[in-house]
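# Coordinate inspection notes
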Amino acid sequence: MFDIVIVGSGISGLILASLLDQKYNILLIEKRRMDGERFDAKSCGGMLNPNAQKALASIGISLPKEVLASSQPFGLKILDLSNKLSAVYQKSYINMNREKFEQFLKSKIGKNVQFVDQACFKKMCTTGHEKIEVEYLKEKVTHKVETKFLVASDGADSRVRKSLFGAVALPRYVTIQEHYKWDQEEPYYYGIADSSITDFYSWMIPKEHSIILGSSLNKKRGEDYDANRRFELLKSRLKEVGFDFTKQSLIKKEGSILLRPTSMRQLRFRKGRVALIGEAAGLISPSSSEGISYAINSARHLANCLNQSLEEKSLKIYEKKVKRIARKMIFKKFLGYIMYNDFLRNMIIRSKLKSIQVYNGKKS
C-alpha cells in the first residue's frame, strides 16, 4: 500500500514528488514515455515569467545551464495583425527547453518514489476509511494499487478530475505548435493578436537554431471547427508581415488541450482524500495561459500540508491556501479582455504606453 499516488508527471507532479517527505512511499504514474532514450515533453513554449521564477526560488531551485535555451531575448514584440500595428515591450522571461526542464525536475525525485511511465490511469474507488484503490493500464496489463491519498496532476484533460466530478464546464482551447529550423537570429519573443484566428493569442519563440510557432484556438459559436485550417491561415497572415514558414523545414508538430478559466466555480481542488494541483485543478492564467507558476505553487502548498500531517484535514488546509492563488488568477480575465479586444488594444499600442522605441540605424 502506498501513502500517496500521483497521477501525472508534468511540472506540478514532479515538483510535488520531490517536495514530499522521503518517509512516504509514493507511486508516480505517467502516460508519456520519460526514460533516457526518449522523453516526450508536453506541448509548451518553454517560457518562465517572473512569477514562475519567483515560484522556483521559493522551493530553492536554480536551473542548470543545459536547461536554458541559447536564445534569451529581452523584449516581446506584439504583432497586432487585426489592427496592422506592432510594438516592443521589455520582458524578463527565461527561455528554456521544456524537455530538459522536466528531465531536471525528474532527477530531483527521491528513491522513495516509484516511477511508472507509459501507464494510463483508468479509474479509482474508495475501498475503506483510509484507502483508495487506483487502477492503471501499462503494456495492456491492468494494475491495481491501494493508497491513502491520491493526487491529480494529469493536466487540462485530467481523467482523475472527470472521474470525481464528471464534465466540468471549463472553457477549452486547442493548442497547436510547430517547430521549425530557423537559422535567423531573432531579437524578440513574439505575441500575435488576430481576431480572425482566435480570441486568445498566438506566439513565436526562438530556440536553438529553431523557432516555435504556436496558437491557442477556440471554437467559435455556430462554426464548423477546424483548428488546423485556422493554423494554416495564421501562417498565411504571418507571411504578409515577413515570416514565411513555407521556406523553413518543419521539425515536429504537436498539440494539446488548454483551459481558460473565467470563474472560481470552474476550479476543483479536492474531494475526500483526493487533491488536484496544476492545470488538473484548472490553475492557468486566463490572460496569458501561463501555468508553470501555478503548477509549482499548488504543488508546494500541497506538499507543505501533507508533510505536516497525512490526514484528510490536510487537504482542507491545502484548499484554503490554493484558493488565495486562484482568486488572483481569475482576476486576470479582465486583463485578458483588454488585451484581446481589437479596439482597446489598438488604443494601447498607439499610445506607446510602456513600449520601447526601437533603434533601426536611421536618423531620428
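Computed from a prediction, not measured in an experiment: that's the story for all the values here. (Residues numbered from 1 in each chain as written. Predicted model: local features only at pLDDT ≥ 70, side-chain atom pairs only at ≥ 80, totals over all residues. Heavy atoms only, no water.)

## Observations concerning helix H5 (residues 227–239)
- For H5, which comprises 13 residues, the first-to-last C-alpha distance of 19 Å matches the rise-based estimate of 18 Å (1.5 Å per residue) to within 8%.
- Buried residues along H5 sit against strand E4 (75–80), strand E11 (172–181), strand E12 (188–193), strand E13 (202–206) and strand E14 (210–217).
- One side-chain oxygen at the N-terminal end of H5 lies 3.2 Å from the backbone nitrogen of asparagine 228; it belongs to aspartate 226. (Helix = DSSP H or I, 4+ residues; strand = E, 2+ residues; numbered from the N terminus. Expected span 1.5 Å × (residues − 1). Contact = heavy atoms within 4.5 Å. Polar contact = N/O pair within 3.5 Å; in protein donor to acceptor, adjacent residues only side chain to side chain.)

## A look at a positive patch on the surface
- Together, Lys320, Lys321, Arg324 and Arg327 line one region of the surface with positive charge.
- Examined against the element boundaries, arginine 327 turns out to sit in helix H7 (residues 312–331). (Patch = residues over 30% accessible without salt bridge, like charges linked within 9 Å, V, L, I, M, F, W, Y side chains within 5 Å. Areas by Shrake-Rupley, 256 points an atom, 1.4 Å probe, with all protein chains shown as cover. Salt bridge = Lys/Arg side-chain N within 4 Å of Asp/Glu carboxyl O. Lys, Arg positive; Asp, Glu negative; His and termini not counted. Charge placed at Lys NZ, Arg CZ, Asp CG, Glu CD.)

## Looking at the side chain of serine 285
- Relative to the helices and strands, serine 285 is located in the loop between strand E17 (274–276) and helix H6 (292–308).
- Side-chain polar atoms of serine 285 contact the side chain of serine 287, separated by 3.1 Å.
- Excluding residues that lie within four positions of it along the chain, serine 285 makes contacts with Phe200, Glu290, Tyr294, Met329 and Lys332.

## Some thoughts on the nonpolar core
- Counting residues in each nonpolar core, the largest one holds 70 residues, and the members touching the most others are Ile4, Ile6, Leu16, Leu150 and Leu302.
- Considering each element in turn, this core owes the most residues, nine residues, to H6.
- In contact with leucine 302, not counting residues within four places along its chain, are Leu16, Val151, Ala275, Ile277, Leu315 and Tyr318.
- Tyr173, Tyr189, Tyr201 and Ile284 belong to the second largest nonpolar core, which has 21 residues in total. (Core = buried A, V, L, I, M, F, W, Y, C linked by side-chain atoms within 4.5 Å. Buried < 20%, exposed > 50% of the residue type's maximum accessible area, 1.4 Å probe, protein only.)

## Some remarks on the environment of proline 261
- Structurally, proline 261 is set in the loop between strand E15 (250–259) and strand E16 (270–271).
- Residue classification places proline 261 among the buried residues on the basis of a relative accessible area of 0%.
- Remark: the alpha-carbon pair of proline 261 and lysine 123, spanning 138 residues in sequence, is separated by 25 Å.
- Residues in contact with proline 261, not counting those within four places in the same chain, are Leu170, Pro171, Gln266, Leu267, Gly282, Ile284, Pro286, Met329 and Ile330.

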